[in-house]
Amino acid sequence: MRDSGPSSIRRVPEEPQRDTWSDSCRLEDLAFLHRGFTEYAYQLDLDERWARRWTTTWKFGRDAADMYSVRDLNEVDVSRTAPVRRFTWRTDQHHRPGLEYMVSTRRHHGFESFEEECLLLVADFAAGLREALSQPFRLRFYAGGKRVDHTPDYLLLTDSGPFVIDVRPAGRIRPEDELKFAATFEAALAAGWRYGVVTGWRRHVWESVDAFSAERRPLANVLDTQGQLRVAASQGPLPLRDLVDRCSIPAVARAHALHLLWRRELGADLSVPYGDASLIRLAPAGLRGVRS
């Protein structure tokens, strides 16, 4: 399991916990999504021509950049884009940048903080991910007659459509951030995209997904341990300890259980800590291997 890092992204006011099976969850089911920015929408200049006046800047390669109005966002060939802002690494900087490997895209993606690294890992697991674009575009909007710029953290291309995301711990959101979030929400809405501000993760989510990720890469199934796990799990939700004990080599079965949990062929109840007592089920036929 990786270094837990700063805990700010997880220490947010608790909401009533609901049962969340890992094989059927979406990113929205696992994250705390901030909604307070909607109260700042009145400050935005949203006249009849706002979608023409508000613009987005995208980079294509190292030097080439193009500008698109919000009205024309769906004309952008996002498959050719590059981050509009470069990631920097310096010994004196206060944030923690790096690269996160994503199984969904089979390559590394940049992040600027531990909170963003968490977002990439959970999105890789739960978002039906096809592509993840870091620092995807620069939005230029108008509020109170003034021009303001904002660069969202990520654009996730998912099975259910584009999802623009900003990542900000709950205690670090300032009024000027709220205004930028409200503007990005309006731009995403105009394009038919989703938008969210991730402030943290529901209880036990991060630790469980981090545990599953230990076996997220291809795993040789020489002894058909995965078949044994599927047969055992098909008899109903079982505690992890009982599930692996029904396999020929329980120690090997533990590793394969993590692999099948990551692939969403097995499901765990994420409302409780992952461990020997965790209930594990066989994913319903229509959900197996589906990253919703």
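Calculation rules
- Within each chain, residues carry numbers counting from 1 in the order of the written sequence.
- For a predicted model such as this one, the threshold for reporting local features is a pLDDT of at least 70, and the threshold for listing and counting side-chain atom pairs is 80 or more; totals across whole chains, interfaces and linings nevertheless cover every residue.
- Only hydrogens and water are removed before side-chain values are computed, so all heavy atoms of the structure are retained for them.
- Salt bridges are defined by distance alone: a side-chain nitrogen of Lys or Arg within 4 Å of a carboxyl oxygen of Asp or Glu.
- Helix and strand definitions here come from DSSP, where helices need a minimum of 4 consecutive H or I residues and strands a minimum of 2 consecutive E residues; each element is numbered from the N-terminal end.
- Exposure classes here rest on a 1.4 Å probe applied to the protein chains alone. A residue is buried below 20% of its type maximum, exposed above 50%, and partly exposed in between.
- Residue types Ala, Val, Leu, Ile, Met, Phe, Trp, Tyr and Cys, when buried and joined through side-chain atoms within 4.5 Å, form a set referred to as a nonpolar core.
- Side-chain atoms alone can form a polar contact between residues adjacent in sequence; in general such a contact is a pair of N or O atoms within 3.5 Å, and within protein one must be able to donate a hydrogen while the other accepts it.
- Here, two residues are considered to be in contact whenever any of their heavy atoms come within 4.5 Å of each other.
- For two strands to be treated as a pair, DSSP must find no fewer than two bridges joining them.
- Every axis in this analysis is a line fitted to C-alpha atoms, fitted for helices over the stretch in contact. Angles between the N-to-C directions lie between 0 and 180 degrees.

Overall, the coordinates contain 16 salt bridges when judged by the stated rule. Salt-bridge contacts for D23 lead to R281; the nearest nitrogen and oxygen are separated by 3.0 Å. With D23 in the segment before helix 1 (27-30) and R281 in strand 14 (residues 279-282), this residue pair connects regions lying 258 residues apart in the sequence. D124 is the salt-bridge partner of R216, the closest N and O atoms lying 3.7 Å from each other. Taken together, the residues span a long stretch of sequence, with R216 in the loop between helix 5 (205-212) and helix 6 (225-233) and D124 in helix 3 (residues 114-126) at a distance of 92 residues. Just as R216 is buried, D124 falls in that class too.

Another point: the nonpolar core. Ranked by internal contacts, the top residues of the largest apolar core, which has 47 residues, are L156 and W201. Counting residues in each nonpolar core, the second largest holds 32 residues, with F37, I173, A183 and A187 among its members.

Attention now goes to the side chain of S278. Structurally, the position occupied by S278 is in the loop between strand 13 (266-268) and strand 14. Owing to a relative accessible area of 1%, S278 belongs among the buried residues under this scheme. For S278, the side chain forms a polar contact with the main-chain nitrogen of G275, separated by 2.7 Å. Excluding residues within four positions of it along the chain, S278 makes contact with L238, P239, L240 and P273.

Right, let's get into the sheet that holds strand 10 (residues 161-167). Here five strands make up an open sheet; going across it, the order is 1-11-10-9-6 and the pairing mixed. Two strands lie at the open edges of the sheet, namely strand 1 (31-34) and strand 6 (129-134), each paired on one side alone. Mean inter-strand twist for the sheet, computed between neighbouring axes without regard to direction, equals 35 degrees. Here strand 10 pairs with strand 11 (residues 194-201) via five bridges, running parallel. Its bridge partner being in strand 11, F163 is matched across the sheet by R194.

Phi at Q135 is positive, roughly 45 degrees, even though this residue is not glycine. Looking at the element boundaries, Q135 is found in the loop between strand 6 and strand 7 (138-143). With a relative accessible area of 0%, Q135 lands in the buried category. We note that H204 has phi near 80 degrees; this positive angle belongs to a residue other than glycine. Within the fold, H204 resides in the loop between strand 11 and helix 5. With relative accessibility at 16%, the residue H204 sits in the buried group.

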